[in-house]
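# Observations on the three-dimensional arrangement
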Amino acid sequence: MSAPMVETINLKKYFKTGSGMLHAVEDVNLKIEKGKTLGVVGESGCGKSTLGRTILRLQPATDGQVLYEGEDVLKYKKKDMKKLHLNMQMVFQDPFSSLDPRMSIHNLIAEPIEVCDIFKTKKEINEHVVRIMEMCGLPANLANLYPHELDGGFRQRVGLARAMAVSPKFIVCDEPVSALDVSIQAQILNLLMDLQDERQLSYMFITHDLCVVKHISNEIMVMYMGQTVEYAKTAELFAHPLHPYTQALLEAVPTPDLSRRNRERNTLKGEVSNPINPAPGCRFKPRCRFADKECDGECPLKEVSPGHLVACCKCG
Ligand SMILES: Nc1ncnc2c1ncn2[C@@H]1O[C@H](COP(=O)(O)OP(=O)(O)OP(=O)(O)O)[C@@H](O)[C@H]1O
Ligand SMILES: [Mg+2]
């Protein structure tokens with residue numbers, strides 16, 4: 001079998017802070033096949049964006065590997081970075097802050113094409129911008145406008161167009177629809193899925209919205225305090241969530257099912273704390289209703305059924 005499009009091996013990202021080393025991403029192992037989407041879910045602060053940014057080398061990794069078609073991009077020298085940008089791109093949550101307000105829509109989309117030296121002439125670049133705008137559902141008459149003149153949905157289409165402009169094969173989508181109205185969210189999600197079908201793109205789709213992730217992902221990775229606590233195919237995860245944290249996240253999704261309304265909910269209490277100098281053992285323990293002494297020991301990810309991994313000594 002050929003190598004996955006993207007794979008991480010024991011990827012770590014630590015931040016030095018005044019109170020110690022913050023373990024934002026801890027030994028993350030993931031695989032994303034060509035044309036597939038991995039959803040990454042978890043509460044605010046669990047390390048989702050840091051994982052995405054570290055994979056794309058927007059910040060240096062602390063340790064581990066990031067393989068793109070089997071090649072470790074963390075070993076790329078400065079001169080190889082263009083290759084990385086041509087293959088791997090990112091779409092951000094807030095298109096407003098990720099777009100330079102002084103640049104027109106045309107120039108914003110032309111910029112990555114120029115940086116990556118894809119075309120030789122101005123004419124070729126301009127023609128490509130027109131094609132990309134059309135592909136991303138941006139009417140041609142928006143080309144000379146500025147980001148503040150567009151609504152949120154069109155701004156996010158510009159963010160996507162900038163990523164798509166260099167024809168990448170892998171895109172990290174970091175909460176790309178969270179800031180948008182629900183009706184616009186569906187349009188952008190459909191556009192992402194259409195582009196994926198047309199171009200066999202691989203996505204890492206970061207979100208805290210489980211309805212969105214169920215709709216768009218082939219597989220899901222659940223993160224808690226920098227670690228993977230569960231990893232499975234989407235249907236399997238929703239049918240048989242094993243980790244108490246995954247169960248609590250799923251319970252928290254609003255349901256129209258009246259018979260479930262009055263049931264006692266396994267809601268999450270407390271918040272994710274910062275993983276500064278974390279002790280060994282389960283990081284979810286302080287919030288877990290099943291926790292006991294056993295949870296102070298190692299709780300590595302283990303495969304409990306084919307392709308379904310969970311890090312909990314109480315399940316599986
Ligand atoms: N540059 C930094 N310096 C120090 N700590 C950081 C830095 N960037 C992120 N962190 C910390 O790393 C942890 C993970 O943050 P991250 O932004 O990746 O979380 P997230 O899951 O994307 O959250 P959200 O859902 O709110 O976007 C947090 O504890 C955060 O405070
Ligand atoms: Mg984030």
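Because the structure is a prediction, the values reported are computed rather than measured.

## Focus: the sheet that holds strand β3 (residues 37-41)
Strands sit in the order β6-β7-β8-β3-β9-β10-β12-β11 across an open sheet of 8 strands; the sheet is mixed. Edge strands, defined here as strands with exactly one partner in the open sheet, are β6 (88-91) and β11 (302-305). Direction aside, neighbouring strands of the sheet carry axes that sit 20 degrees apart on average. Both β3 and strand β8 (residues 202-207) contribute to a ladder of 5 bridges, which runs parallel. Bridge pairing in β8 places L38 opposite M204. On top of the sheet, helix α1 (residues 48-55) reaches β3, β6, β7 (170-174), β8 and β9 (219-224); it is set at about 150 degrees to β8, its chief contact. Relative to the sheet, helix α7 (residues 182-199) contacts β3, β7 and β8, its axis offset from that of β8 by approximately 160 degrees.

## Regarding the sheet that holds strand β4 (residues 63-68)
Spatially, β2-β1-β4-β5 is the arrangement adopted by the 4 strands of the open sheet, whose pairing is antiparallel. Each of the sheet's edge strands pairs with one partner strand only, and the pair in question is β2 (20-32) and β5 (71-72). Relative to β2, strand β1 (residues 6-17) is paired through 9 bridges, and the arrangement is antiparallel. Residue pairing for β2: V6 is matched across the bridge by I32. In the packing of α1 onto the sheet, contacts are made with β1, β2 and β4, and the angle to β1 comes to roughly 115 degrees.

## Structural notes on the nonpolar core
Ranked by size, the top nonpolar core spans 39 residues in total, and within it I109 and C136 carry the most contacts. Put simply, the parts of the chain that give this core at least two residues each are α4 (105-115), α5 (122-135), α6 (152-164), β7, α7, β8 and α8 (210-216). Looking at which element gives the most residues to this core, the answer is α7, with 6 residues. When near neighbours in sequence (up to four residues on either side) are disregarded, I109 contacts V129, I132, M133, L138, V158, A161, R162 and A165. Membership of the second largest hydrophobic core comes to 28 residues, among which are V28, Y76, M81 and M221.

## Some thoughts on the layout of surface pockets
If you add up the space inside the largest pocket, you get close to 460 Å³. Residue lining of the largest pocket: 20 residues in total, with Q89, M90, F92, P112 and R162 positioned closest to the centre. Mapped by element, the contributors of at least two residues to the lining of the largest pocket are α2 (81-87), β6, α4 and α6. Partitioning the lining of the largest pocket into residue classes produces 13 nonpolar, 5 polar and 2 charged. Quantified by volume, the second largest pocket comes out at close to 380 Å³. Around the second largest pocket, the lining is made up of 21 residues, and of these E26, Q227, E298, C299 and P300 lie nearest the centre. The dominant element in the lining of the second largest pocket, judged by the number of residues it contributes, is β2, at 4 residues. Looking at side-chain class alone, the lining of the second largest pocket contains 12 nonpolar, 5 polar and 4 charged residues.

## A few points about the environment of E43
Mapped onto the elements, E43 comes out in the loop between β3 and α1. E43 sits 165 residues away from H208 along the chain, and the two C-alpha atoms are 6.2 Å apart. Sequence-distant contacts of E43, that is, excluding residues within four places in its chain, are made with K48, Y224, Y245, L249, L268, V272 and R287. Looking at E43, its side chain comes within polar contact range of the side chain of Y245, at 2.9 Å.

Cut-offs and rules
Along every chain, residues carry numbers that run from 1 in the direction the sequence is written. Numbering of ligands from 1 and lettering of chains from A proceed in the order in which they are written. Since the coordinates come from a predicted model, pLDDT governs what is reported: local features require at least 70, and pairs of side-chain atoms require 80 or more to be given and counted, while whole-chain, interface and lining totals use all residues. Think of the side-chain values as coming from all heavy atoms in the structure, minus any hydrogens and water. Between any two strands, at least two bridges found by DSSP are needed for them to pair. In this description a helix means any DSSP run of H or I spanning at least four residues, a strand means any run of E spanning at least two, and both kinds are numbered starting from the N terminus. Axis definition: a line fit to C-alpha positions, over the contact stretch in the case of helices; interaxial angles, taken between N-to-C directions, run 0 to 180 degrees. The contact definition used throughout considers only heavy atoms, calling two residues in contact when any of these lie within 4.5 Å. Put simply, buried Ala, Val, Leu, Ile, Met, Phe, Trp, Tyr and Cys residues joined by side-chain atoms within 4.5 Å make one nonpolar core. When accessible area is computed with a 1.4 Å probe and restricted to protein chains, residues below 20% of their type maximum are described as buried, those above 50% as exposed, and intermediate ones as partly exposed. Each cavity reported here is a set of points on a 1 Å grid over the protein atoms alone in which a 1.4 Å probe fits but cannot get out, each pocket an open set with protein on both sides within 12 Å along at least five of seven lines, and each lining residue one with an atom within 4 Å of a point. Grid points are joined across faces, edges and corners, and a volume is the space filled by probe spheres set on the points. Gly is placed with the polar residues, together with every amino acid not listed as nonpolar (Ala, Val, Leu, Ile, Met, Phe, Trp, Tyr, Cys and Pro) or charged (Asp, Glu, Lys and Arg). What qualifies as a polar contact is a pair of N or O atoms within 3.5 Å, subject to a donor-acceptor requirement within protein and to the restriction that residues adjacent in sequence count only when both atoms come from side chains.

On their own, these measurements won't tell you what the molecule is for.
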